[in-house]
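Structure assessment
The chain contents come next:
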Amino acid sequence: MRVPSPHPNHNPTNNVVNLNTVYPLGTELDVNYHLFSLLTACWSINSNCLTMASAGPLYLGFDLSTQQLKGLVVDSSLRKVHEAKFDFDADSQGFDVKKGVLVNEAEREVFAPVAMWLQAIDTLLTRLKENGLDFARIKGISGSGMQHGSVFWSADAEQLLAQLQPEKTLQSQLDEAFAHPFSPNWQDASTQKECDEFDAILGNQSQLADATGSKAHHRFTGPQILRFQRKYPDKYLKTYRITLVSSWLATMFLGKFAPFDISDVCGMNLWDIKAGKWNEKLLALAAGPSGVKVLQKKLGDVPEDGGIHLGSISPYFVKRYGFSSDATIIASTGDNPSTILALPLRSNDAMVSLGTSTTFLMSTSEYKPDPATHFFNSPTTAGLYMFMLCYKNGGLAREKVRDAINSASSNIQDKNSWEAFDKHLLSTAPFAQSNPSEPLNLGLYFPRPEIIPNLPVGEWHYSYDPETDKLIRTNGVPESPTQDARIIVESQFLSLRLRSRELVSSPAPSLPPQPRRIYLVGGGSRNSAIAKVAGQVLGGSEGVFKLDVGENACALGAAYKAVWAIERDGSKGETFEELIGKRWREEEFVEKIAEGYDPDVFERYGAALKGFERMETELLKEYQQH
């Protein structure tokens with residue numbers, strides 16, 4: 001192609017060409033010139049953009065989960081520019097872990113070697129450097145850590161962190177930094193005795209939940225500390241500082257002890273959320289003979305600002321990897337709070353994770369704790385709380401029904417196909433009613449022991465008449481297993497609606513209380529049939545949406561937290577939701593997959609809640625007597 005002479009209407013200064021004044025349309029000169037002008041303009045614009053981008057600030061978010069350490073880098077516009085990971089099973093050297101942890105079956109202990117995490121940090125940063133990351137551009141660093149894990153540091157830790165030599169690895173220099181080489185994992189179930197004591201110390205489970213946001217749980221740090229100081233009294237006395245996994249991450253990059261994050265601290269059963277301070281009775285229980293003051297010193301203070309600047313990065317990382325010495329460390333948070341930060345979730349929006357288990361997350365200004373739920377402070381915004389429901393039964397329960405449907409048909413070749421399940425889910429009327437005058441069919445499907453409600457493995461069915469409030473135990477749905485597709489999905493979403501009904505508000509004056517939007521994540525979010533029923537049961541005035549941020553939601557949320565903490569307008573009190581909401585590109589991550597609120601069917605599901613709650617109550621009484 002020959003290069004034409006400059007067009008008389010081409011402005012070389014601003015790369016604008018008037019395409020309305022051209023050579024005669026269709027001539028070779030006309031076509032070639034337009035192509036040349038557009039290419040020139042695009043090249044110039046892109047060059048300018050690349051120049052600006054190459055000089056702009058970057059933000060690094062980490063996610064230390066059970067099985068991996070991930071690192072993800074974004075720019076100020078929230079675009080992902082780098083990512084890397086370290087898989088503990090595949091990549092670690094010298095640690096005989098399986099799925100990231102070690103297990104002591106005899107005592108139901110699950111724990112991870114802290115030294116493995118040190119190895120992961122150095123390897124991950126090396127991989128990011130090999131991928132071309134310019135560490136000098138990193139302006140802010142934050143992290144996400146699996147909630148409830150604890151790390152026990154020695155009195156020598158801060159001195160060792162301050163003296164790190166850049167030519168050596170972290171692992172080779174920090175052997176003496178820990179009073180205990182292992183971190184109890186969230187899967188640990190060794191603390192039943194301690195949980196019973198925590199539930200009783202303030203009166204009962206409800207009073208503990210009122211204070212700390214949750215009843216006692218095996219994995220929570222308070223019961224874990226209580227068991228640790230009993231099992232390892234010498235190690236407890238040698239423990240100078242206790243951090244969560246999230247504050248462990250911040251500590252490593254800060255080079256000195258980092259405080260707990262205002263949200264992650266709520267996963268300990270030690271922090272009084274409404275009072276905004278440690279609960280002395282709970283501290284006294286966890287501390288044992290050494291006393292409250294000793295434990296409080298080990299825990300440290302908790303800043304209220306989720307975006308607090310903890311300080312500049314440790315010199316070790318400046319010298320070894322080329323970070324700028326003014327890169328700022330931001331308080332790290334837990335994995336569940338960080339998930340919410342991957343989406344600028346507004347108050348009255350709901351996020352439902354449809355994975356192997358089911359998790360329900362909401363941002364709310366209402367603090368209404370219950371033993372069956374979890375409340376945390378928002379990781380970023382004062383006055384907001386994070387409401388969370390966790391169910392063991394989710395995808396596995398639905399798969400069991402799917403498999404029964406597929407096995408009953410000789411025409412289905414792929415036994416893992418959801419096609420028949422979806423067909424029966426949508427073709428079955430709500431509650432499997434053949435006509436509206438019949439009782440509703442309700443059920444619970446638990447292939448795993450459940451915590452909400454606290455019931456063993458089992459499957460139970462009832463019929464319920466809202467008009468007479470008559471609840472009767474039955475043997476199953478009229479047409480099993482095909483109608484089970486409808487009942488199991490309804491039961492899972494009815495449980496969410498039951499437990500969130502006091503927290504949702506009306507999204508518009510003429511609408512009943514319900515979420516504004518429902519965002520689905522996890523494997524089940526790809527199923528449009530399940531999404532439709534989610535909207536029918538839960539509502540959602542603007543619809544049901546699939547949120548797809550890949551497997552990096554926690555790391556992404558941490559990176560966004562760093563962007564907000566560094567670039568917010570402090571003089572105006574710019575919230576995370578305001579700053580990130582303006583920059584977040586919804587079209588890249590969100591797809592509307594189902595309608596939400598339908599007045600008639602929403603009202604029918606509302607009428608079923610009383611019967612659904614009674615069904616659970618009856619079963620709880622029955623199994624508590626066993």
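If you're wondering where the values come from, they're calculated on a predicted model, not measured in any experiment. (Residues numbered from 1 in each chain as written. Predicted model: local features only at pLDDT ≥ 70, side-chain atom pairs only at ≥ 80, totals over all residues. Heavy atoms only, no water.)

**Thoughts on the domain arrangement of the chain**
Domain parsing of the chain yields domain 1 (58-337) and domain 2 (396-504 + 598-625). Placing the centre of domain 1 and that of domain 2 at their C-alpha centroids yields a distance of 39 Å. (Domains from an automatic or database assignment.)

**Topic: empty space enclosed by the protein**
Using the criterion set out here, one finds 4 cavities of 30 Å³ or more in the structure. A volume near 130 Å³ is recorded for the largest cavity. Lining the largest cavity we find 14 residues, and of these Tyr391, Phe446, Ser491, Gln492 and Ser495 sit closest to its centre. Every element with two or more residues in the lining of the largest cavity is listed here: β21 (440-446) and α17 (484-500). Here the element with the most residues in the lining of the largest cavity is α17; it accounts for 4 residues. (1 Å grid on protein atoms, 1.4 Å probe; cavity = no way out; pocket = protein on both sides within 12 Å on 5 of 7 lines; lining within 4 Å. Points joined across faces, edges and corners; volume = space filled by probe spheres on them. Helix = DSSP H or I, 4+ residues; strand = E, 2+ residues; numbered from the N terminus.)

**Quick notes on the sheet that holds strand β18 (residues 358-364)**
Pairing in this open sheet of 7 strands is mixed, and the strands run β19-β20-β18-β17-β26-β27-β28 from one edge to the other. At either end of the open sheet lies a strand with only one pairing partner, and these are β19 (374-377) and β28 (590-594). In this sheet, adjacent strand axes meet at a mean angle of 25° when their direction is disregarded. In this sheet, strand β27 (residues 544-547) lies alongside strand β26 (residues 518-521) in parallel orientation, the contact comprising 3 bridges. Considered in β27, the bridge of tyrosine 519 is made with phenylalanine 545. (Pairing = 2+ DSSP bridges. Axes fitted to C-alpha atoms, helices over the stretch in contact; angles between N-to-C directions.)

**Comments concerning the pattern of salt bridges**
Across all of its chains, the model carries 30 salt bridges by this definition. For the salt bridge of glutamate 107 with arginine 227, the shortest nitrogen-to-oxygen distance reads 2.6 Å. Residue glutamate 107 is found in the loop between β6 (102-104) and β7 (109-113), and its partner arginine 227 is found in helix α8 (residues 221-231); the two are separated by 120 residues along the sequence. When its relative accessible area of 15% is taken as the criterion, arginine 227 is described as buried. The residue arginine 501 makes a salt bridge to glutamate 613 at a minimum N-O spacing of 3.2 Å. Of the two residues, arginine 501 is situated in the loop between α17 and β26 and glutamate 613 in helix α22 (residues 599-624); the sequence distance between them amounts to 112 residues. Here the salt bridges do not stand alone but share partners, grouping Asp349, Arg516, Arg517, Glu542 and Glu586 into one network. (Salt bridge = Lys/Arg side-chain N within 4 Å of Asp/Glu carboxyl O. Buried < 20%, exposed > 50% of the residue type's maximum accessible area, 1.4 Å probe, protein only.)

**Description of the layout of surface pockets**
Approximately 360 Å³ is the volume attributed to the second largest pocket. Ile262, Glu304, Thr381, Ala382 and Gly383 are, among the 21 residues lining the second largest pocket, the residues nearest its centre. When its residues are assigned to classes, the lining of the second largest pocket shows 8 nonpolar, 9 polar and 4 charged. (Nonpolar A, V, L, I, M, F, W, Y, C, P; charged D, E, K, R; others polar.)

**Quick look at the sheet that holds β7**
Sheet strands line up and pair through hydrogen bonds in the backbone, either parallel or antiparallel. Strand order in the open sheet made by the 3 strands is β6-β7-β10, with antiparallel pairing throughout. With one partner strand each, in any of the chains shown, β6 and β10 (182-184) form the two edges of the open sheet. Strand-to-strand twist in this sheet, taken as the mean axis angle between neighbours without regard to direction, amounts to 35°. Where β6 meets β7, 3 bridges bridge the pair, whose relative direction is antiparallel. If you follow valine 103 over to β7, its bridge partner there is valine 110.

**Quick word on the UniProt feature "domain: Carbohydrate kinase FGGY N-terminal" (unreviewed entry) in the chain**
Under the UniProt annotation, "domain: Carbohydrate kinase FGGY N-terminal" (unreviewed entry) lies at residues 186-341. Summarising residues 186-341: 48% helix, 12% strand, and an end-to-end C-alpha distance of 21 Å. (UniProt positions renumbered as here; feature names shortened; annotations may be inferred.)

**Let's talk about helix α18 (residues 528-538)**
Burial within α18 is extensive, with 9 of its 11 residues counted as buried. Buried within α18 are the following residues: Ala529, Ile530, Ala531, Val533, Ala534, Gly535, Gln536, Val537 and Leu538. The opening residue of α18 is asparagine 527, an N-cap whose side-chain oxygen sits 3.0 Å from the backbone nitrogen of alanine 529. Directly after α18, the chain includes glycine 539, whose backbone phi takes a positive value near 90°. (Polar contact = N/O pair within 3.5 Å; in protein donor to acceptor, adjacent residues only side chain to side chain.)

**Observations concerning the packing of helix α15 (residues 395-407) against α17**
Running from N to C, α15 and α17 cross one another at 175°; their axes reach a closest spacing of 10 Å. Considered as vectors, α15 and α17 are oriented roughly antiparallel to each other. Here α15 contributes Ala397, Arg398, Val401 and Ile405 to the contact with α17, which in turn contributes Asp484, Ala485, Ile488, Val489 and Gln492. Here the residues of the contact of α15 with α17 are counted per class, giving 6 nonpolar, 1 polar and 2 charged. (Parallel < 35°, antiparallel > 145°, perpendicular 65-115°, else oblique. Contact = heavy atoms within 4.5 Å.)

**What about unusual backbone geometry?**
The residue after isoleucine 452, namely proline 453, is reached through a cis peptide bond having omega -10°. Structurally, the position occupied by proline 453 is in the loop between β22 (450-451) and β23 (454-455). Going from serine 480 to proline 481, the amide bond is cis rather than trans, its omega being 10°. With respect to the helices, strands and loops of the structure, proline 481 is situated in the loop between β25 (470-474) and α17. For leucine 78, which is not glycine, the phi dihedral falls at a positive 75°. With respect to the secondary-structure elements, leucine 78 resides in the loop between β4 (68-75) and β5 (80-87). A positive phi angle, close to 60°, is found at phenylalanine 431, a residue other than glycine. Mapped onto the elements, phenylalanine 431 comes out in the loop between α16 (419-427) and β21.

**Examining the state of the cysteines**
As enumerated under the stated definition, the model contains 0 disulfides in all. Considering cysteine sulfurs only, cysteine 390 is the nearest to cysteine 195, which forms no disulfide, with 15 Å between them. Since its relative accessible area comes to 3%, cysteine 195 is described here as buried. Of all cysteine sulfurs in the structure, the one in cysteine 390 sits closest to cysteine 554, which takes part in no disulfide; the separation is 12 Å. (Disulfide = S-S within 2.5 Å.)

**Thoughts on the packing of aromatic side chains**
One pass over the full model with this rule turns up 30 aromatic pairs. When the centroid spacing of 5.4 Å and the interplanar angle of 50° are considered together, the rings of phenylalanine 228 and tyrosine 232 count as tilted. Overall, phenylalanine 228 belongs to the buried group, its relative accessible area being 6%. Here the aromatic rings of tyrosine 240 and phenylalanine 257 are separated by 6.0 Å at their centres, their planes lie at 25°, and the arrangement is stacked. Of this pair, tyrosine 240 sits in strand β11 (residues 239-244) while phenylalanine 257 sits in the loop between α10 (245-254) and β12 (271-272), and the two are 17 residues apart along the sequence. Owing to a relative accessible area of 38%, tyrosine 240 belongs among the partly exposed residues under this scheme. For phenylalanine 257, a relative accessible area of 10% corresponds to the buried category. Here the aromatic residues Phe62, Phe135, Phe253, Tyr316, Phe317, Tyr321 and Phe323 are joined through ring pairs into a cluster of three or more. (Phe/Tyr/Trp six-rings, centres within 6.5 Å; stacked < 30°, edge-to-face > 60°.)

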